[in-house]
Amino acid sequence: MARTSSFNVKGIAQKTGVSTATVSRVINNHPGVNEAIRGKILKLLKEESSGSARSGKPVKVLTVVEIDRPLVEGFLSGVLASIAQYTLEHPIGIELCFLPQEQKNVNFLKMLRDKRCEAVIGIFLGERSMQQMNLLSKQEIPAMLVGEKADDPLVGHVMVDSYQGASCAVDYLASLGHKRVGFLANDITRSQALRLRLEGYKASVIKNGLEQDERLVVHHHPTRNTYEAGYLQTKELLATVPEVTAIFASTDEMAYGAMRACRDLNRTVPGDISIVGFDDYPGSSYCLPALTTVSSSLSDVGFEAVKYLDQYVNGLSSSLPKIELEGVLVKRESCQVCPASVSTHL
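Thresholds, definitions, all that
- Residues numbered from 1 in each chain as written.
- Predicted model: local features only at pLDDT ≥ 70, side-chain atom pairs only at ≥ 80, totals over all residues.
- Heavy atoms only, no water.
- Pairing = 2+ DSSP bridges.
- Helix = DSSP H or I, 4+ residues; strand = E, 2+ residues; numbered from the N terminus.
- Contact = heavy atoms within 4.5 Å.
- Axes fitted to C-alpha atoms, helices over the stretch in contact; angles between N-to-C directions.
- Buried < 20%, exposed > 50% of the residue type's maximum accessible area, 1.4 Å probe, protein only.
- Parallel < 35°, antiparallel > 145°, perpendicular 65-115°, else oblique.
- Left-handed = near helix turned anticlockwise from the far one by under 90°.
- Nonpolar A, V, L, I, M, F, W, Y, C, P; charged D, E, K, R; others polar.

J.: It is not clear to me how the sheet that holds strand E8 (residues 246-249) should be interpreted in this structure. Could you clarify?
T.: To summarise the sheet geometry, strands pair through backbone hydrogen bonds and adopt either a parallel or an antiparallel arrangement. Taking strand neighbours across the sheet as the criterion, the six strands line up as E7-E6-E8-E9-E10-E12 in an open arrangement whose pairing is mixed. The strands lining the two open edges of the sheet, one partner per strand, are strand E7 (217-218) and strand E12 (328-330). Where strand E9 (residues 274-279) and strand E10 (residues 292-295) come together, four bridges link them in parallel fashion. What sits directly across from Gly 277, in E10, is Thr 293. Its contacts with the sheet put helix H8 (residues 192-207) on strand E6 (181-184), E7, E8 and E9, and the angle it makes with E6 is roughly 170°. Here helix H9 (residues 226-240) sits on the sheet in contact with E6, E7 and E8, set at roughly 145° to E6.

J.: How do you make sense of the side chain of Thr 16 when you look at a structure like this?
T.: When you line up the elements, Thr 16 lands in helix H1 (residues 9-16). Thr 16 sits in the buried class, given a relative accessible area of 18%. With near-sequence residues (within four places) excluded, Thr 16 lies in contact with Lys 40, Ile 41 and Leu 44.

J.: Could you clarify how one ought to interpret the packing of helix H4 (residues 74-89) against helix H11 (residues 298-313) in this entry?
T.: The relative placement of two packed helices is expressed as an angle between their axes plus a distance between the axes. In the contact formed by H4 and H11, the axes pass within 7 Å of each other and the chain directions differ by 45°. Between H4 and H11, the angle falls in the class oblique. In the crossing of H4 with H11, the sense of the turn from one axis to the other is right-handed. Residues Gly 74, Phe 75, Gly 78, Val 79, Ser 82, Ile 83, Gln 85, Tyr 86 and Glu 89 of H4 pack against Leu 298, Ser 299, Asp 300, Val 301, Gly 302, Phe 303, Val 306, Lys 307 and Asp 310 of H11. Partitioning the contact of H4 with H11 into residue classes produces eight nonpolar, six polar and four charged.

What follows is the structure in structure tokens.
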């Protein structure tokens, strides 16, 4: 709900049949108010605040991150850093909540009221948590997703186009003459974005007439961290299809693991095998060789999500946007023309 610096508290109390203290609790986002009554008061407050200027009062945002292990890796680290950047530049509060993936009976509305927050950002949310986000929208509570698409028309999102980005990566490998391109899948059961990267890979393989072999897709196995997953999946891929000349990894962390596996198997990168990652973590330009990858605009997605919530709550915008950024290929040193392609033309 957008707000203003002052409301006709007495008038709203009379219209809703409650005390002025109750209206004040709703304005200041205190818990302990019946949700039906809160909804009536919020509706009147919204009508009264229509067309008003920014209040300047700091917004407090509940940021919910669903996790399956106590590990903050590249994507999440980048998103949280970009959220922190916004808080350094604007008067806004962030309440960070790590939610165990297997936790049941989750109630986002209660969490929001208990922590006296006015808006919610969701990261890595599973099916149950997504349902909670949709319930928040029915209560007219501003909500944004980061990295995933929001189907609810009232919930906004900021994300990169994973399908397009993956297709772009495989198109590039095909342009270098690679015919056998392996894919290292991350946990596609948890993330729509990771599923789209697999779909984009498959579409580009077909479009470019590359070899189609189910063994080229190595599915995710739970590991202690994503680096290890990339390492083990690469060793599995090269043991099963040793003729592979290029690998597209779901994330940069998996690509780092793939590089190490290639080294341990005496395969040079990019001499024997070209590798492309996804996300463009800060370390990707410093590894050896520097990693070619698809940028997921990590410095922007969290920043933009908080910005739009801040503007909406303060009455500077009337809706929350759905933003899908283009995945941009960042060419570095981990790819080269396929050796087989070179020998064919000699």
